[in-house]
Amino acid sequence: MTEPLYIRPIIEVSDFLPIFVSAALILLFGLIYASVVTLVKMQRLKSIYMFLAYFFWILQIYCTYFLTMKIHSQPFTIKAMMIAMVAYLMVPHIYYYLITKSEERYED
Amino acid sequence: MQRQNNFKYESQKLGSWYFTVAVILFGAQLVLGLVSAIQFIYPSFLYDILDFSITRMIHINALVVWMVYAMIGSVYYLLPDETGIETVGIGMGKLLFWILTLAVTVVVLVYIFIQVGPATQATIWLITEGREYIEAPRWADIGIVVVVLGFLANTFLTALKGRRTGIMTVILSDMIALAGLYLAGMYFTDNISMDQYWWWWVIHLWVEATWEVMVGALAAYALIKVVDAKREIVEMWLWIEVAMLFGSGILGLGHHYFWIGTPEYWWEIGALFSALEPMPLIGMFVHVLYDWGKEKGLKENSGVDTSSNNTPALLWLISNGFGNFLGAGVWGFFHTLPQVNIYTHGTQFTAAHGHLAFFGAYATILTAMFYMGIQGKYGIKKLRATFASKMAIFLITFGVLGMTVALTIAGYEQVLIARAQLGATWDAFFVAQNQLWMSQAMDWRLIMGIVTTVGFFYLVKDLLTISKSPKNVYK
């Protein structure tokens, strides 16, 4: 008898909840990171709170790493995700650089 | 209070016609959604009269069509504002509105009274193509193309003649893609893999690319009007969002190609670009937060009134920031990676994501546009939220969130039992369907659907009466 072909990764039943929760937390921590940076740039929060932003960014990296482990990602994908996380660290700063330059250009 | 039509342009009047039909179809969507939800719990309800397959089809088609109506209405509404002139060929625009509305009515009547036909070309041409979400028969397909071509001509000729803004440029380019992609859905083949391949061009590239860009452009327009945001800044944000939305959304198409018979390289493409898709949604959320906060701060510093010009629209706009991020972002990312998607595909997770994403990303911003239409129609300088405005936003949001949570629980149960433990067999599906968690989740989905519908009635009442309330209107 031919062996059945399993093309799907086998995920433990007990791992599904952590997978869904960590997937949600990646985005939530990412949103909090971007929001705190926004509020600091808008001077609604003191610049000391940037540490809080970076703390959430680190949590986001941890959740991303945790998720990739749980879903048995390929080593290449894990590296790509980590590089994406580093890029995400810079995205809000690039945004506000552009915003500042635009405001300087268009301010009445 | 004496109410009169204050529209400066016929195009805005035409936009308000589209808004009216959109609200009616929104109501039809909810009613058919409730019937479907009841049928899930009591399968004999309307059995052989209006089956689940038909009610679900009309529920989803009504959703798509009301949103298309509201988007076309929004473009006609903002077109003279942006270009500074009346829409070119407005007479043709009005004629096309009536043709489209008549066609939609006939299609819906055929869906309800004829329902299905034999497996022949006649059914495809006259009753339904039977392709999920775009079931319209072939004659209606062709009619839609003609109407949309007329709409494109109206918009392009107006934009070329009048003032050109960044928002208009984005809308014009987006509409070419939006209209062009519909043609991919008209390609018919007996090969189901090929059929699905092209069908997703319409479904995915509409919802996760061109519609999102349209929403970004409408949000930009609304921010300028509602919180007096500076156009140059808003348009700069818009260009970044467009780049990010198309950059991630176009190849994000790959997450629909995991299991339809396409080559395996779509796994990596789909995974990578799907993971990037939430990025612009975070950007859009931050954008609304930034512009709203900045303009409020500037007004506070100048000692002027900081209130918004249209509070109900602003509330819906803010809920768009949250809803788009949660529904399209978080609930999408839950199950977008192929390793997880193989377990979640086709479960109630998809329905959970669909409910919150369509509400959060589109229904919110389009409802904001309805309020802007009311403000324009009655020449209201400042529009304040009434009790009904607040009840509408609270009940609809709470109801949709409730349905999403219920469907997520049902989906989670299906993933564990039907997919992971019992191996996705025919029997496994029914074992999962008969679990207590599933049946209770379906009960809660119906209850929350009723809450949403009550919220909708408040919304209709508010749209009809808000302009009569002297307390909430400053002319």
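Residues numbered from 1 in each chain as written. Chains lettered and ligands numbered in written order. Predicted model: local features only at pLDDT ≥ 70, side-chain atom pairs only at ≥ 80, totals over all residues.

## Some thoughts on the overall build of chain A
Consideration 1: Across its full length, chain A holds three helices and zero strands.
Consideration 2: Taken from N to C terminus, the helices and strands of chain A fall in the order α-α-α.
Consideration 3: The buried share of chain A, taken over its 108 residues, is 25%.
Consideration 4: Sequence-distant contacts, at least 24 apart, represent 65% of the contacts inside chain A between residues at least 6 apart. (Helix = DSSP H or I, 4+ residues; strand = E, 2+ residues; numbered from the N terminus. Buried ≥ 20, exposed ≤ 12 C-beta atoms within 10 Å, placed from the backbone. Contact = placed C-beta atoms within 7 Å.)

## Quick look at the overall build of chain B
Consideration 1: Looking only at helices and strands, chain B features 16 helices and two strands.
Consideration 2: By residue count, 54% of the 475 residues in chain B fall in the buried class.

## A look at helix α5 (residues 138–161) of chain B
Residue and element names in this part refer to chain B.
Consideration 1: The terminal C-alpha atoms of α5, which comprises 24 residues, lie 35 Å apart, in line with the 34 Å expected from a rise of 1.5 Å per residue.
Consideration 2: Taken together, the buried positions of α5 are occupied by A140, G143, I144, F151, N154, T155, T158 and A159.
Consideration 3: Where α5 is buried, its residues touch α2 (52–83), α3 (90–113) and α6 (166–184). (Expected span 1.5 Å × (residues − 1).)

## Quick word on the domain arrangement of chain B
All names here are of chain B.
Consideration 1: Structurally, chain B comprises domain 1 (1–163) and domain 2 (331–475).
Consideration 2: Distance between the C-alpha centres of domain 1 and domain 2: 21 Å.
Consideration 3: In this complex, domain 1 contributes 24 residues to the contact, which on the side of domain 2 involves 24 residues.
Consideration 4: Of all the secondary structure elements, the ones that give two or more residues to the side of domain 1 that touches domain 2 are α1 (10–41) and α2.
Consideration 5: With 14 residues, α1 is the single largest residue contributor to the side of domain 1 that touches domain 2.
Consideration 6: The residue inventory of the side of domain 1 that touches domain 2, partitioned by class, reads 15 nonpolar, eight polar and one charged. (Domains from an automatic or database assignment. Nonpolar A, V, L, I, M, F, W, Y, C, P; charged D, E, K, R; others polar.)

## Quick word on unusual backbone geometry
All names here are of chain B.
Consideration 1: In this structure, Q115 takes a positive phi of about 70° despite not being glycine.
Consideration 2: Mapping Q115 onto the fold places it in the loop between α3 and α4 (121–126).
Consideration 3: Look at Q115 and you get partly exposed, because 15 C-beta atoms sit within 10 Å.
Consideration 4: The residue A424 is not glycine, and still its phi comes out positive at about 60°.
Consideration 5: Classification of A424 as partly exposed rests on a count of 17 C-beta atoms within 10 Å.

## Considering the interface of chain A and chain B
Consideration 1: Listed as interface residues are 27 residues of chain A and, on the opposing side, 28 residues of chain B.
Consideration 2: Listed by contribution, the elements that provide at least two residues to the side of chain A that touches chain B are α1 (16–41) and α3 (75–106) of chain A.
Consideration 3: Per-element accounting of the side of chain A that touches chain B gives the leading share, twelve residues, to α1(A).
Consideration 4: Considered class by class, the residues forming the side of chain A that touches chain B number 18 nonpolar, six polar and three charged.

## Topic: the packing of helix α13 (residues 348–377) of chain B against helix α14 (residues 387–421) of chain B
Residues and elements named next belong to chain B.
Consideration 1: The interhelical angle for the contact between α13 and α14, taken along N-to-C directions, is 160°, at an axis separation of 7 Å. Put simply, α13 runs roughly antiparallel to α14. In this structure, α13 meets α14 at a crossing whose hand is left-handed. Between α13 and α14, the residues in contact are Q348, F349, A351, A352, H355, L356 and F359 and V400, M403, T404, L407, T408, A410, G411 and Q414, respectively.
Consideration 2: Residues belonging to the contact of α13 with α14 are distributed by class as follows: nine nonpolar, six polar and no charged. (Axes fitted to C-alpha atoms, helices over the stretch in contact; angles between N-to-C directions. Parallel < 35°, antiparallel > 145°, perpendicular 65-115°, else oblique. Left-handed = near helix turned anticlockwise from the far one by under 90°.)

## Quick look at the environment of A:L27
Consideration 1: Inspection of the secondary structure assignment puts A:L27 in helix α1.
Consideration 2: Taking the number of C-beta atoms within 10 Å as the measure of exposure, A:L27 has 23 and is therefore buried.
Consideration 3: Here the alpha-carbon distance between A:L27 and A:A84, two residues 57 residues apart in the chain, equals 13 Å.
Consideration 4: When residues no more than four places from it in sequence are discounted, the contact partners of A:L27 are B:P278, B:G329, B:V330 and B:F333.

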